[in-house]
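Residues per chain are reported as follows:
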Amino acid sequence: MRINKIITIAAFLVIVLLRINLNGQGHYELFPENLNILPYKANFLEPRMGFQFRALENDLRLDIGHSKDLIKYISDGGISFSFGADFFTFTKLRGEPDFHFPVDAVDYLFGVNFGAKKNILSGEIGTRLRISHISAHFVDGHFDPTNEKWRDGRKPIVYSREFVEFIPYYKIYYARFYAGITYLFHVVPEDIGKTIIHAGMEYYLISLSSGFLHPVLAYDFKLVDIGVQSGTNSLSAGFKLGQIDREGVTILYNFYSGYSAHGEYYNVFENYSGININVEF
């Protein structure tokens, strides 16, 4: 029933988008080549194709997924609207001899997104609205067959949430600043607060760029409620190979402090750093 509601809302907004095109003087594109709203680089919950090695820990994160705009409408006033879909997973693994990587936990996200942006003076303003579902699961790599028990004494729980996320941004030259809110209209376990506050930024040090090599800094903050309010911090620094707003490869050093983004570990506070390597489409 909750998924049906998400589909109904998405269909209604698509109809509105097409209606604007019929009544206006702009034009629309089906399956545009590039994303209208680029992912927020330091935000954990973004579609990625890549992995992260944690420093000094036997822990690997594998990201598989993508976001694709299905329709883009450009109004006669220069506002670019879009409707797209998100499908991705982020997976917790560990390394073992003989190139084995048992899967401990996996989180699935799917949903739809709506974007809008407009150029102003030397910058750009825009926003992204996402309506999504996440579910999390332990996998066979979390079970210890030798002792016949779940690792760390953590048994599987039901973790599921549906949410609406609204994050506007302002971009000037090569810096983008954003702030927004997520509302969880359904969540299990019930001790998770329903409101998340976001803020963050990303900045390309264009003065240090050389050809297709672009240094970048990014930071993301979330105020979450897991029984008590707490801040989650994600700080990244590194560089991108390729064009800044197009396809490429990013290599980032990331520091993370806050509650785990993996649903089965939702109440575990973590501090770690690692290297992220991601292919951007």
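Everything below is about the structure shown above.
Residues numbered from 1 in each chain as written. Predicted model: local features only at pLDDT ≥ 70, side-chain atom pairs only at ≥ 80, totals over all residues. Heavy atoms only, no water.

Visitor: What exactly am I supposed to notice about unusual backbone geometry here?
Guide: Backbone geometry follows two general trends: most residues other than glycine have a negative phi, and most peptide bonds adopt the trans configuration. Between Val188 and the following residue, Pro189, the backbone shows a cis peptide bond with an omega angle of 5°. Positionally, Pro189 belongs in the loop between strand S10 (175-188) and strand S11 (195-204). Within the chain, Phe31 stands out as a residue other than glycine whose phi angle is a positive 50°. Mapped onto the elements, Phe31 comes out in the loop between strand S1 (27-30) and strand S2 (50-54). Although it is not a glycine, Tyr173 sits at a positive phi angle of roughly 55°. Structurally, the position occupied by Tyr173 is in the loop between strand S9 (159-172) and S10. The class of Tyr173 is exposed, set by a relative accessible area of 58%. (Helix = DSSP H or I, 4+ residues; strand = E, 2+ residues; numbered from the N terminus. Buried < 20%, exposed > 50% of the residue type's maximum accessible area, 1.4 Å probe, protein only.)

Visitor: Looking at this structure, I do not really get the layout of surface pockets. What am I missing?
Guide: Where empty space is left becomes clear once a probe the size of a water molecule has been rolled over the atoms. The volume enclosed by the largest pocket comes to roughly 990 Å³. In this structure, the largest pocket is lined by 47 residues; those nearest its centre are Ile37, Leu38, Pro39, Ile244 and Asp245. Elements represented by at least two residues in the lining of the largest pocket include exactly strand S3 (60-74), strand S5 (103-120), strand S6 (123-138), S9, S10, S11, strand S14 (248-259) and strand S15 (269-280). With six residues, the single largest contributor to the lining of the largest pocket is S3. Considered class by class, the residues forming the lining of the largest pocket number 17 nonpolar, 12 polar and 18 charged. (1 Å grid on protein atoms, 1.4 Å probe; cavity = no way out; pocket = protein on both sides within 12 Å on 5 of 7 lines; lining within 4 Å. Points joined across faces, edges and corners; volume = space filled by probe spheres on them. Nonpolar A, V, L, I, M, F, W, Y, C, P; charged D, E, K, R; others polar.)

Remember that the coordinates give geometry; whether it matters functionally is a separate question.
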